[in-house]
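Here are the chains, one letter per residue:
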Amino acid sequence: MILLSVISGLALTLSFPPFSISFFSFFALIPIFFAIEDSTAKEAFKVGYVFGLTHFLTLLYWIPYPVSRYGGVPLYLSIFPYLLLGMYLAIFFGLFCLLCRFQSKSALLFYPCCWTVLEFLRSKLLTGFPWCLIGYSQYKNLHLIQIADITGIYGISFLIVLTNTAFYLLLTKRVALIKGGLVLLISFSLTYAYGIYRLHSGINKIKGKDINVAVIQGNIDQSLKWNPAYQARTVDTYLKLTRYAFNAFKHKPYLVVWPETAVPFYFQEDGPLAKPIYKIAKNCWLILGSPAYERRESRILYFNRAYLISKGKTVSYYDKVHLVPFGEYVPLKKILFFVNRLVSSAGDFSSGKGIYPLRCEALAAGVMICYEVIFPEIARAHVKKGANILVNISNDAWFGKTSAPYQHFAMSVFRAVENRRYLVRATNTGISGFVDPFGKVVKKSTLFKKEVLVAKLKLINKPLTIYAKYGDFFVYLACFFFIIIFSPCGRRPLP
């Protein structure tokens, strides 16, 4: 049983970037379904837990890298939050196998509903960590992911688990070939038919003001970025690359986007290094990241901020609302006191006051800072409040040359599809790029290279997608069926 759990865990990891063997996800759960056959409740949970632990420890192997290298935490301590997170996330997989062990009479519906509900809970509990939900493995499968504008990412997860379940039941002859085949045929036919419709006819229906957008990837060494001696050099790098965007391309950019904390000082203080930035922004809109602070009574609060600058002045700003645990703050500080050194390095930040687009003339940019982009509700909140373009600024230099930047970029693709808005992504070291409203990557950068990307995009003001209007109704529907099927009349007792 343990071997089957490990096989499932590794197969699921291989379906995500950088391997991106996406079809593995459609079969990855089958071994654990075999493993929980005729098992006790305790054995079923154990099988699922080992499955989850294998998957998350191989998927998130990069966590100790930033903690140790940039946080000043010894390697043996940096492994602790990595193991702690993996052990916590594995609980959801353990619960999945435990619940599936109840052998629902309607496994074809119950298993995918159960998985979907547990993924949603993982995205919400303890601030949430929806990193690489199973649906994200299909980010390159454009025909399949178009349903995200109705169901969100959870609809794709549901379909993948449904496929796993149907194949398992067919292999064990627990469902008739005709019934199982029809379920798969109908599910995929409807999904792909909708995808074809959206990709081939929907593109012509999108209307909006055309603008040229430039993304500046400065490739600033993370170990030098916060050194005061290198502040001027960092600003100069971004200024030179921005001038290049104006001089080297036929169409001048209306919007220029710099990454998260591209300005490694308090921009709000209007010091000498801020003046050339204001100057270059006289003829364009400029979005940039910078740390900020606010004095409240006897204490000072720090924020991870995105500024919108136009015509040589600050128009608006947005403070990050969803902070990174162990990166921007330490949860349970009194217990995890030894992690404080990481926070002293990265900053002890506070959450912003709310989610709102940055507006200037026709522009309404829904800015997501760093891993805010993996939370669908944040992008959706921006769009509901009028965002006509989505912008993700990040500093993935923390991750080094690991799989994390590839995974981060893959997840951002779905925010464009869910809301049918163009997504602009600017990171310090990559991966930067543009994603169209159908999930197609228009352009993207390579890792650890200075780059300037320019593309013509649209500011799309309407219509709102079903997902943007109604949110995660699909999850609530899955939860309803989960409860109905899981009731005493829909299951048999465990031994």
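Keep in mind that this is a model prediction, so the values were computed, not measured. (Residues numbered from 1 in each chain as written. Predicted model: local features only at pLDDT ≥ 70, side-chain atom pairs only at ≥ 80, totals over all residues. Heavy atoms only, no water.)

### Details of the overall build of the protein
Heads up, the condition is: Each helix is a run of DSSP H or I of at least 4 residues and each strand a run of E of at least 2, with the numbering of both proceeding from the N terminus. A 1.4 Å probe rolled over the protein chains alone gives each residue an accessible area, and that area as a share of the maximum for its type sets the label: buried under 20%, exposed over 50%, partly exposed in between. By the convention used here, residues are in contact when the closest approach between their heavy atoms is within 4.5 Å. Each accessible area is a Shrake-Rupley result for a 1.4 Å probe, and residues are judged covered by the shown protein chains and nothing else.
Of the regular secondary structure elements, the protein holds 18 helices and twelve strands. When its C-alpha atoms are laid out on the principal axes, the protein stretches across 70 × 55 × 40 Å. Sorting the 495 residues of the protein into buried and exposed places 59% on the buried side. Restricting the contact set of the protein to residue pairs at least 6 apart, pairs at least 24 apart contribute 72%. On the protein, roughly 20300 Å² of surface is accessible, and the fraction owed to carbon and sulfur atoms is 64%.

### Some words on the side chain of arginine 305
Operational definition: Pairs of N or O atoms within 3.5 Å make up the polar contacts considered here, provided that, within protein, one atom can donate a hydrogen while the other can accept it, and that residues adjacent in sequence are counted only when both atoms are side-chain atoms.
Within the secondary structure layout, arginine 305 lies in strand E4 (residues 299–310). We classify arginine 305 as buried; its relative accessible area is 5%. Within polar-contact distance, the side chain of arginine 305 engages the side chain of tyrosine 307 at 3.4 Å. Polar contacts involving the side chain of arginine 305 include one to the side chain of aspartate 319, which spans 2.6 Å.

### Remarks on the confidence of the model for the protein
Heads up, the rule is: The score called pLDDT rates the predictor's confidence residue by residue, from a low of 0 to a high of 100.
Averaged over all residues, the pLDDT of the protein equals 90, while 93% of them reach at least 70. The low-confidence segment residues 341–346, where pLDDT is below 50, has 17 contacts with residues more than four positions distant or belonging to other chains.

### Brief notes about the sheet that holds strand E1 (residues 209–217)
Test applied: A pair of strands is labelled paired if DSSP reports no fewer than 2 bridges between them. To get an axis, a line is fitted to the C-alpha atoms, and for a helix only the part in contact is used. The angle between two axes follows their N-to-C directions and goes from 0 to 180 degrees.
Strand order in the open sheet formed by six strands is E5-E4-E3-E2-E1-E12, with mixed pairing between adjacent strands. In this open sheet, the two edge strands, each paired with only one partner strand, are strand E5 (313–319) and strand E12 (451–459). When the angles between neighbouring strand axes are averaged without regard to direction, this sheet yields 35°. Judged from the nine bridges that link them, E1 and E12 form a sheet pairing that is antiparallel. Bridging from a neighbouring strand, glutamine 217 pairs with glutamate 451 of E12.

### Some remarks on the pattern of salt bridges
As a reminder of what qualifies: What counts as a salt bridge is simple: a side-chain nitrogen of Lys or Arg found within 4 Å of a carboxyl oxygen of Asp or Glu.
Using the criterion set out here, one finds ten salt bridges in the structure. Between arginine 425 and aspartate 396 there is a salt bridge whose closest N-O contact spans 3.2 Å. Placement of the pair is arginine 425 in strand E9 (residues 423–427) and aspartate 396 in the loop between strand E8 (389–394) and helix H16 (404–419), with a sequence separation of 29 residues. Accessibility expressed as a relative area gives 1% for arginine 425, which makes it buried. Classification of aspartate 396 as buried rests on a relative accessible area of 0%.

### Here we look at the sheet that holds strand E11 (residues 441–444)
Strand order in the open sheet formed by six strands is E6-E7-E8-E9-E10-E11, with mixed pairing between adjacent strands. Unpaired on one side and paired on the other, strand E6 (358–360) and E11 mark the two borders of the sheet. Ignoring strand direction, the axes of neighbouring strands in this sheet form an average angle of 20°. Summarising the sheet, E8 and E9 pair through five bridges and their orientation is parallel. What sits directly across from serine 394, in E9, is threonine 427. Along the sheet, helix H15 (residues 376–384) contacts strand E7 (363–369) and E8; its crossing angle with E7, the most-contacted strand, is approximately 165°.

### Brief notes about the nonpolar core
The condition is simple: Buried Ala, Val, Leu, Ile, Met, Phe, Trp, Tyr and Cys residues that are joined via side-chain atoms within 4.5 Å together make up what is termed a nonpolar core.
If you look at the biggest cluster of nonpolar residues, it comprises 126 residues, and the most contacted ones within it are Leu60, Phe96 and Val367. At eleven residues, helix H9 (residues 153–171) tops the list of elements feeding residues into this core. Beyond its immediate sequence surroundings of up to four residues, valine 367 is in contact with Ile287, Ala306, Tyr318, Leu358, Glu372, His382, Val391 and Ile393. Among the nonpolar cores identified, the runner-up in size contains 28 residues, and Ile216, Phe246, Val256 and Ala274 belong to it.

### Re the packing of aromatic side chains
For clarity, the threshold we go by: Ring pairs shown here join Phe, Tyr and Trp side chains whose ring centres sit within 6.5 Å, with only the six-membered ring taken for Trp; geometry is labelled stacked below 30 degrees between planes, edge-to-face above 60, and tilted in between. Only when the NZ of Lys or the CZ of Arg is both within 6 Å of the ring centre and within 35 degrees of the ring normal is a charge said to sit over the ring.
For the structure on display, the rule yields 37 aromatic pairs. Ring centres 5.1 Å apart and planes at 40° place the aromatic pair phenylalanine 33 and tyrosine 111 in the tilted group. Of this pair, phenylalanine 33 sits in helix H2 (residues 30–35) while tyrosine 111 sits in helix H6 (residues 107–124), placing them 78 residues apart in sequence. According to the relative accessible area criterion, phenylalanine 33 is buried, its value standing at 2%. Owing to a relative accessible area of 3%, tyrosine 111 belongs among the buried residues under this scheme. Measuring from ring centre to ring centre gives 5.9 Å for phenylalanine 120 and tyrosine 476, while their planes differ by 80°; the resulting arrangement is edge-to-face. Of this pair, phenylalanine 120 sits in helix H6 while tyrosine 476 sits in helix H18 (residues 473–486), and the two are 356 residues apart along the sequence. By relative accessible area, phenylalanine 120 is classed as buried at 12%. Assessed through its relative accessible area of 51%, tyrosine 476 is described here as exposed. Stacked on the ring of tyrosine 317, the Lys or Arg arginine 305 has its end atom at 3.7 Å from the ring centre. The aromatic ring of phenylalanine 448 is capped on one face by lysine 401, whose charged end is 5.8 Å from the ring centroid.

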